[in-house]
Amino acid sequence: MTMKPEYKVDYSSLLKRQKETAWKIKDRPYQERLERLEQLKKVLIEHEEVWLEALKKDLGKSSTESYTSEIALVLNEIDFVQRKLKKWIKPKRAHHFDLGGTAKTTISYQPYGSVLILSPWNYPLQLTLMPLVGALAAGNSCVIKPSEFSPITSSLLYELLKKTFTPEIVTVIEGDKEAAEELLKLDWDFIFFTGSKSVGKIVHQAAAERQIPVILELGGKNPCIVEPSGMTKETIRQITWGKFMNAGQTCIAPDTVYVHESVYTEFLNQLKEQLELFYGNSPEKSSDYSRIVHSDHLNELVDYLKDGKVFHGGNFDREGLYMSPTILTDVQKNSPIMEEEIFGPILPIIPYSTIEALGAELQLKPVPLVLYLFSQDKANIKYTARRLRSGALSVNQVIRHAARSGIPFGGVKESGFGRYHGFASIQAFSYQKVYYEQKNTKSLPHQYPPYHKNQLKRLRKWQKWLF
């Protein structure tokens, strides 16, 4: 894909203008931030059908799935931020009393300036606009580089945001990885990246060279544990829905399900039945089932089929970018599918004997973005929460925790770092500036050298009042 003619511009000049604009607006009333959020909301509402059509063309998504997982989430985020923003950005003031007199302190959230947002293809609308909401609410200007693998949505973002915002506030730049590489050479005030671990490392290194603060929202192999006490029809529905939404191309989808050996066979049979209830006997004909984003990714998924035994599904069509919902059993322990994020409609099901043995095994793996547990056993829930690290622990549900604006979202170590959504986005896209003012010009007589022989003894008594 080539960049649109309008954006064959000097990136450095654009960045300079954005930084200048950000500094001019950073101290203005929050009303301007609200207005930008309202403009963004109108872009979603007034062009809803066009967005749905774009997502259908890029990923084969149904209108219902696109609305709930992309448009509605962003609208809810905007509404939540608009209601809370005034309280969140209000400076926090305090007075301090010590042996030196009195002082006052003000702590305020200041925008970084110009933010670079690099967004992925799997949820090309939601994962572009959710960070944009936070960045605008915090008072920043933004440059957005959408993924070239969702070209229809990317083009729509370019056209509609260009009509809505001046380039000094929001600019969308289309292009392939070369465009991203050029953007990463610039001295941004903040970088927000959502995508794979391999590309995340490149972004992190580029940011580190210029000491640019960065948030990385990566993926990982999100384990899902099903205990005997959590084995219900609703559990099966939740896991089926969470895994096969968007054909498994979701960073927080259950990646591998560990089922207690006592309910393993029952789980497999019920999962197969649920897939047929969701998508019928011919999922390729279902209007509710998405497609794989591009042929290279489909080829990677096809290779995973060799790592186990296909219990259900396993069909694919390269020309139609289709892979059926697939259940894999007897998975080879050190195979690629057990080491790499699947990011597709293949679900390995693995039996386990005890939660302690499984916990010891999972502790050795990279830290996931989320760990799912279906259980009614309070002791085992407590054990899992205490012993296993993850960006989130979600008990008896999947996906939904990431859809709530009041809950911070993000990973740990291999699954990324930094949090956003709601107030966490204000914290993410701002820095806390401290204003400290001493109210008197006198200082302590014992503050400066030379120090008296008995001074240390006296200072120990006054320790809590020194500062």
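Rules behind the numbers
- Residues numbered from 1 in each chain as written.
- Predicted model: local features only at pLDDT ≥ 70, side-chain atom pairs only at ≥ 80, totals over all residues.
- Heavy atoms only, no water.
- Helix = DSSP H or I, 4+ residues; strand = E, 2+ residues; numbered from the N terminus.
- Buried < 20%, exposed > 50% of the residue type's maximum accessible area, 1.4 Å probe, protein only.
- Contact = heavy atoms within 4.5 Å.
- Pairing = 2+ DSSP bridges.
- Axes fitted to C-alpha atoms, helices over the stretch in contact; angles between N-to-C directions.
- Expected span 1.5 Å × (residues − 1).
- Bend = angle between axes of the 7 residues up to and from the residue.
- Parallel < 35°, antiparallel > 145°, perpendicular 65-115°, else oblique.
- Left-handed = near helix turned anticlockwise from the far one by under 90°.
- Nonpolar A, V, L, I, M, F, W, Y, C, P; charged D, E, K, R; others polar.
- Core = buried A, V, L, I, M, F, W, Y, C linked by side-chain atoms within 4.5 Å.
- Patch = residues over 30% accessible without salt bridge, like charges linked within 9 Å, V, L, I, M, F, W, Y side chains within 5 Å.
- Areas by Shrake-Rupley, 256 points an atom, 1.4 Å probe, with all protein chains shown as cover.
- Salt bridge = Lys/Arg side-chain N within 4 Å of Asp/Glu carboxyl O.
- Lys, Arg positive; Asp, Glu negative; His and termini not counted.
- Charge placed at Lys NZ, Arg CZ, Asp CG, Glu CD.
- Phe/Tyr/Trp six-rings, centres within 6.5 Å; stacked < 30°, edge-to-face > 60°.
- Lys NZ or Arg CZ within 6 Å of the ring centre and 35° of its normal.

Colleague: Residues and numbers for the overall build of the protein chain, please.
Modeller: Along the protein chain, the regular secondary structure elements total 16 helices and 18 strands. Overall, the C-alpha framework of the protein chain stretches about 85 × 60 × 40 Å when taken along its three principal axes. Taking all 467 residues of the protein chain together, 53% fall into the buried category. A fraction of 73% describes how many contacts in the protein chain between residues 6 or more apart in sequence connect residues 24 or more apart.

Colleague: Kindly report on the sheet that holds strand β8 (residues 223–226), identifying the contributing residues and their values.
Modeller: Backbone hydrogen bonds hold the strands of a sheet together, and the pairing may be parallel or antiparallel. Taken in spatial order, the 7 strands make up an open sheet running β10-β13-β14-β9-β8-β15-β16, and their pairing is mixed. The open sheet is flanked by β10 (309–312) and β16 (393–395), the only strands paired with a single partner. Strand-to-strand twist of the sheet, defined as the mean angle between neighbouring strand axes without regard to direction, takes the value 25°. Where strand β13 (residues 326–329) lies against strand β14 (residues 346–352), 3 bridges are found, and the strand directions are parallel. Note that in β14 the partner of L328 across the bridge is P348. Seen against the sheet, helix α9 (residues 233–244) touches β8, β9 (256–260), β13, β14 and β15 (371–374) and runs at an angle of roughly 140° to β14.

Colleague: Describe the pairing of β15, and please don't skip the residues or the numbers.
Modeller: Residues L371 and L373 line one face of β15 and the alternating positions Y372 and F374 line the opposite face, and both faces are buried. One ladder, built from 3 bridges, connects β8 with β15; its direction is parallel. Directly across from V226, in β15, lies its bridge partner F374. Where β15 lies against β16, 3 bridges are found, and the strand directions are parallel. Following the sheet pairing, Y372 is matched in β16 by S394.

Colleague: Talk me through helix α4 (residues 63–89); I want residue IDs and the actual numbers.
Modeller: In this model α4 runs 36 Å from its N-terminal to its C-terminal C-alpha over 27 residues, within 8% of the 39 Å that 1.5 Å per residue would give. R83 marks the point of greatest bend in α4, at about 45°.

Colleague: Give a description of the packing of helix α2 (residues 31–46) against helix α6 (residues 151–164) that names residues and reports values.
Modeller: Two numbers describe how α2 lies on α6: the axes approach to 10 Å, and their chain directions differ by 140°. The orientation of α2 with respect to α6, classified from their angle, is oblique. With respect to the hand of their crossing, α2 and α6 are arranged in right-handed fashion. Judged by residue contacts, Q39, L40 and V43 of α2 engage L160, L161 and T164 from α6. Tallied by class, residues from the contact of α2 with α6 come to 4 nonpolar, 2 polar and no charged.

Colleague: So, the nonpolar core: which residues are in play, and what are the values?
Modeller: Grouped together as the largest cluster of nonpolar side chains are 109 residues, with contacts concentrated most on L132, L161, F267 and I349. In terms of residue count, the dominant contributor to this core is α4 (9 residues). Core analysis: the next-biggest nonpolar cluster, separate from the first, contains 21 residues, L14, L183, A206 and A207 among them.

Colleague: So what about the sheet that holds strand β5 (residues 170–172)? Which residues, and what values?
Modeller: Overall, mixed pairing links the 6 strands, which are arranged β5-β4-β3-β6-β7-β17 in an open sheet. The two strands at the open ends of the sheet, each matched to only one other strand, are β5 and β17 (416–417). Taken together, the 4 bridges between strand β3 (residues 114–118) and strand β6 (residues 190–194) define a ladder with parallel strand orientation. Within the sheet, the bridge partner assigned to V115 lies in β6 and is F190. Running at roughly 175° to strand β7 (residues 214–217), helix α8 (residues 197–209) makes contact with β3, β6, β7 and β17 of the sheet.

Colleague: Lay out the side chain of Q274 with the relevant residues and their values.
Modeller: Position of Q274 relative to the elements: it lies in helix α10 (residues 264–279). Here Q274 falls in the buried class, since its relative accessible area comes to 9%.

Colleague: Give me the pairing of β13: which residues, what numbers.
Modeller: Across the two faces of β13 the burial is the same, with T326 and L328 and I327 and T329 all buried. As paired strands, β10 and β13 are joined by 3 bridges and run antiparallel to one another. Note on β13: the bridge partner recorded for H312 is I327.

Colleague: Pulling in residues and values, what's your account of a negative patch on the surface?
Modeller: A contiguous patch of negative charge, built from D296, E300, D303, E339 and E340, is present on the exposed surface. No other element matches helix α11 (residues 295–304), which puts 3 residues into the negative patch. Looking at the element boundaries, E300 is found in helix α11. Here E300 falls in the partly exposed class, since its relative accessible area comes to 45%.

Colleague: Hey, could you go over the packing of aromatic side chains for me, with residue numbers and the actual values?
Modeller: For the structure shown, the criterion picks out 13 aromatic pairs. Seen in terms of ring centroids, F409 and Y420 are 6.2 Å apart; in terms of plane orientation they differ by 75°. Their pairing is edge-to-face. Note that F409 is positioned in the loop between β16 and β17 and Y420 in the loop between β17 and α15 (423–428), a separation of 11 residues in sequence. An identical accessibility class is assigned to F409 and Y420; each is buried. Aromatic rings pair up to connect Y112, F190, F192, F409, Y420, F429 and Y431 into one cluster. Looking at R400, its charged tip hangs above the ring of W241, at a distance of 5.1 Å from the centre.

Coordinates in, geometry out; function isn't part of it.
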